[in-house]
Amino acid sequence: MEKKVKILLTGSEGNLGFSIKDKLKNFKNIILANKKKLNFNNLNSINNFLNKNKPDIIINTAAYTNVDGAEKNKNICYKVNALAPKKIADWSYKNNSYFIHFSTDYVFDGKKKTPWNEKDKPKPLNFYGKSKYDGEKFIINSKCKFILLRVAWLYSDRKNNFPQKIIKKILEEDKIYVIKDQIGTPNHVEFISEITIKVLKKIIKNFDIKSNIFHVSLKGQTSYYNWAKKIKIKLKNNNCKILPVSHKKFKTIAKRPLNSVFSCNSLEKFLKIKIPNWEKVFKKKANIIIKNSN
């Protein structure tokens, strides 16, 4: 079946896209599109690219993810996160293609005390969240076949994510302050890409599978402060003090949700899997992250 299906992956050089690209090696007919090949800033080029390549399934990992930058660069952010997905969704509907798109915890305001589920009403706190939520609505309204995967607190071995930033600070400073009252679930991109492939295989098996939104997350939760402490333990023999601080002490241009924890019950039922705890995954990845930070 895979031989007959042409799959397009956008944002193939980004953190998540790079990981999914690696998992797609066993598939035939893969089209990889980085920013140079398919630039979402140029909306007119999207239809031309899709008409030329005619993918059966589109996996879109391309996004404008600079949350503070989004408040200053609203035009670019909205193009990439909302208008470009709209173009892809409209094309998908007309051409009977399936659209897998990634969204974010930032569509929520973070005020709920329990984990967010797919039925909770989005209410973004910042422009980045608004752009991603509008992208979701455009896709749903297009009536194309879609799976929306919301993800949160992504990190990888590859780029300057939270763990790498904390490692650098721990090694260079005597004392650091880390936010104690923002909670979420650290999700390694490899876990997200493995889930994406499982979703992809289900679509290939049944192209008429019902459109849906799923929260993709490992189990458990932590704060940035507690995560930083776990990173310090992995570094061993370090005298840097990690001190907890309220988010109110960190002035950022854009507001962040305080609770980004997802319920992934729907995803577990859909894929018939048991999702592991985030700490189990982090323990496996910590040494690689530390090595790559040097």
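For the structure, check the block above.
Conventions and cut-offs
Per chain, residue numbering runs from 1 following the sequence as it is written. With pLDDT at 70 or above as the cut-off, local features in this predicted model cover only qualifying residues; side-chain atom pairs require 80 or more to be listed or tallied, and sums for whole chains, interfaces and linings still use all residues. The side-chain figures draw on all heavy atoms in the structure; neither hydrogens nor water molecules are used. Relative accessible area decides the class of each residue, using a 1.4 Å probe on protein chains only: under 20% of the type maximum gives buried, over 50% gives exposed, and in between gives partly exposed. Each helix is a run of H or I in the DSSP string that is no shorter than four residues. Each strand is a run of E no shorter than two, and both are numbered from the N terminus. At least two DSSP bridges between two strands are needed for those strands to be called paired. Take the residue count of a helix, subtract one, and multiply by 1.5 Å to get its expected span. Throughout, bend refers to the angle between the axes fitted to the seven residues that end at a position and the seven residues that start at it. Pairing of aromatic rings covers Phe, Tyr and Trp, the last counted by its six-membered ring, and requires centre-to-centre distances within 6.5 Å; plane angles under 30 degrees mean stacked, over 60 mean edge-to-face, and any other angle means tilted. Lines fitted to C-alpha atoms define the axes, with helix axes restricted to the stretch in contact, and inter-axis angles between N-to-C directions lie between 0 and 180 degrees. Crossing chirality is assigned from the near helix's rotation relative to the far helix, an anticlockwise turn below a right angle marking it left-handed and a clockwise turn marking it right-handed. Here a residue-residue contact requires only that any non-hydrogen atoms of the pair lie within 4.5 Å. Put simply, Ala, Val, Leu, Ile, Met, Phe, Trp, Tyr, Cys and Pro go in the nonpolar bin, Asp, Glu, Lys and Arg in the charged bin, and everything else, Gly too, in the polar bin. The salt bridge definition used is simple: a Lys or Arg side-chain nitrogen within 4 Å of an Asp or Glu carboxyl oxygen.

K.L.:
Lay out the pairing of strand β3 (residues 57-60) with the relevant residues and their values.
P.N.:
It is a general feature of regular strands that their side chains alternate between the two faces of the sheet. Residue alternation in β3 divides its side chains into two sets, Ile-57 and Ile-59 and Ile-58 and Asn-60, and both sets are buried. Here strand β1 (residues 7-10) runs beside β3; their pairing, made up of four bridges, is parallel. Bridge pairing links Thr-10 to Asn-60 in β3.

K.L.:
Tell me about helix α4 (residues 74-95), and please be specific about residues and values.
P.N.:
Here α4 contains 22 residues, and its C-alpha end-to-end distance of 30 Å stays within 8% of the 32 Å for a straight helix at 1.5 Å per residue. When the local axis directions of α4 are compared, the greatest deviation, roughly 35°, occurs at Val-80. For α4, the set of buried residues is Cys-77, Tyr-78, Val-80, Asn-81, Ala-82, Ala-84, Pro-85, Ile-88, Ala-89, Trp-91 and Ser-92.

K.L.:
Which residues make up the packing of aromatic side chains, and what values go with them?
P.N.:
To describe a pair of aromatic rings, you give the distance between the ring centres and the angle between the ring planes. Evaluation of the coordinates by the stated rule reveals 15 aromatic pairs. Aromatic side chains Tyr-78 and Phe-127 sit 6.1 Å apart centroid to centroid with 45° between the ring planes, which places their arrangement in the tilted category. One end of the pair, Tyr-78, is in helix α4; the other, Phe-127, is in helix α5 (residues 127-142), and 49 residues separate them in sequence. Of the two residues examined, Tyr-78 and Phe-127, each falls in the buried class. On the numbers, 4.4 Å between centres and 15° between planes, the contact of Phe-108 with Trp-116 is stacked. The buried category is assigned to Trp-116, whose relative accessible area is 5%.

K.L.:
Help me get a handle on the packing of helix α6 (residues 162-172) against helix α8 (residues 224-235), residues and values and all.
P.N.:
Packing of α6 against α8 leaves a shortest axis separation of 10 Å and a crossing angle of 60°. Crossing hand, α6 versus α8: right-handed. On α8, the residues that touch Phe-162, Pro-163, Ile-166, Ile-167, Ile-170 and Leu-171 of α6 are Tyr-224, Trp-227, Ala-228, Ile-231, Lys-232 and Leu-235. Partitioned by chemical class, the residues of the contact of α6 with α8 number 11 nonpolar, no polar and one charged.

K.L.:
Quick rundown of the pattern of salt bridges? Include the residues and the values.
P.N.:
Going through the model one piece at a time under the given rule, you end up with 14 salt bridges. Glu-194 is paired through a salt bridge with Lys-23; the nearest N and O atoms lie 3.6 Å apart. With Glu-194 in helix α7 (residues 189-205) and Lys-23 in helix α1 (residues 15-23), the pair connects residues that are 171 residues apart, well separated along the chain. You can call Glu-194 partly exposed: its relative accessible area is 35%. Since its relative accessible area comes to 25%, Lys-23 is described here as partly exposed. A single salt-bridge network, built from bridges that share partners, covers Lys-130, Asp-134 and Lys-137.

None of the figures reported here should be taken as evidence of function without further support.
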